[in-house]
Amino acid sequence: QEQLVESGGRLVQAGDSLRLSCAASGRAFSSITMGWFRQAPGKEREFVALISWRGDSPKYADSVKGRFTISGENAKNTVYLQMNTLKPEDTAVYYCALGWPAPSAVTSTKGYQYWGQGTQVTVSS
């Protein structure tokens, strides 16, 4: 059974750094896109960053550009999200996603077929 497992979320202070990890298992994935989304209380799940094993450049939401970096290990179907200079508004449950999104859906939750259970990131001011 396919499974995504995230880790790394915790309580930090504003300005701190944190790295999230996500590992996919259960089958051999190829030509995938892996992404991070987040959902704050009372808000919709929103795109944060993605990386594609097809060679496309990583993509970031404007709100995290310059502070967050996504990276991954293709052979391990693992993706990381390095988060620097964290802000209280970054507080959310962060979800890992995997799929084969169409170009028009790469930042949409509808573009991804597999999801992790989420990991809580809380940034105190």
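A short tour of the structure in this document, coming up.

### Side note on the overall build of the chain
In terms of helices and strands, the chain carries 0 helices and 11 strands. Counted from the first residue to the last, the chain has its helices and strands arranged as β-β-β-β-β-β-β-β-β-β-β. In summary, the chain has a C-alpha radius of gyration of 14 Å against a globular reference of 14 Å for 125 residues, a match within 12%. Projected onto its principal axes, the C-alpha coordinates of the chain cover approximately 40 × 30 × 25 Å. The buried share of the chain, reckoned over its 125 residues, is 44%.

### Details of the state of the cysteines
A complete count under the given rule lists 1 disulfide for this structure. What pairs with C22 in a disulfide is C96, and their sulfur atoms sit 2.0 Å apart. Disulfide C22 to C96: torsion about the S-S bond roughly -80 degrees, handedness left-handed. With C22 in strand β3 (residues 18–25) and C96 in strand β9 (residues 92–99), the pair connects residues that are 74 residues apart, well separated along the chain. We classify C22 as buried; its relative accessible area is 1%.

### Some thoughts on unusual backbone geometry
Positive phi outside glycine occurs at S31, with the angle close to 50 degrees. Topologically, S31 is positioned in the loop between β3 and β4 (33–39). A positive phi angle is found at T85, which is not glycine, with a value near 45 degrees. Tracing the backbone shows T85 in the loop between β8 (78–83) and β9.

### Re the environment of F68
Along the chain, the position of F68 falls in strand β7 (residues 68–73). With relative accessibility at 2%, the residue F68 sits in the buried group. Non-local contacts of F68, meaning those with residues more than four positions away in its chain, are made with R38, V48, Y60, L81, Q82, M83, N84, L86, D90 and Y94.

### A short note on the pairing of strand β1 (residues 3–7)
What you see with β1 is a clean split: L4 and E6 sit on the buried side and Q3, V5 and S7 on the side with no burial. Sheet topology note: the β1/β3 ladder contains 5 bridges and is antiparallel. Looking at β3, one finds that Q3 is bridged to S25.

### Considering the side chain of T78
Within the fold, T78 resides in strand β8. Looking at T78, the relative accessible area reads 9%, which means it is buried. At 3.0 Å, the side chain of T78 forms a polar contact with the backbone oxygen of K76.

What counts, and at which threshold
Going along each chain's sequence as written, the residues are numbered from 1 onward. Given that this is a predicted model, residues contribute local features only at a pLDDT of at least 70 and side-chain atom pairs are listed and counted only at 80 or more, while totals for whole chains, interfaces and linings are drawn from all residues. Working from all heavy atoms in the structure, the side-chain values ignore hydrogens and water. Helix and strand definitions follow DSSP, with helices as H or I runs of at least four residues and strands as E runs of at least two, each counted in order from the N terminus. Values of the radius of gyration come from C-alpha atoms, whereas the globule rule sets the reference at 2.2 Å times the count of residues to the power 0.38. Type-normalised accessible area, obtained with a 1.4 Å probe on protein chains alone, sets the label of each residue: buried when under 20%, exposed when over 50%, and partly exposed for intermediate values. Two cysteine sulfur atoms make up a disulfide if the distance between them is within 2.5 Å. Residue contacts are counted whenever heavy atoms from the two residues lie within 4.5 Å of one another. Between any two strands, at least two bridges found by DSSP are needed for them to pair. We call two N or O atoms a polar contact when they sit within 3.5 Å, provided that within protein one can donate a hydrogen and the other can accept it, with sequence-adjacent residues counted only if both atoms are side-chain atoms.

Keep in mind that these numbers describe shape and distance, not what the molecule does.
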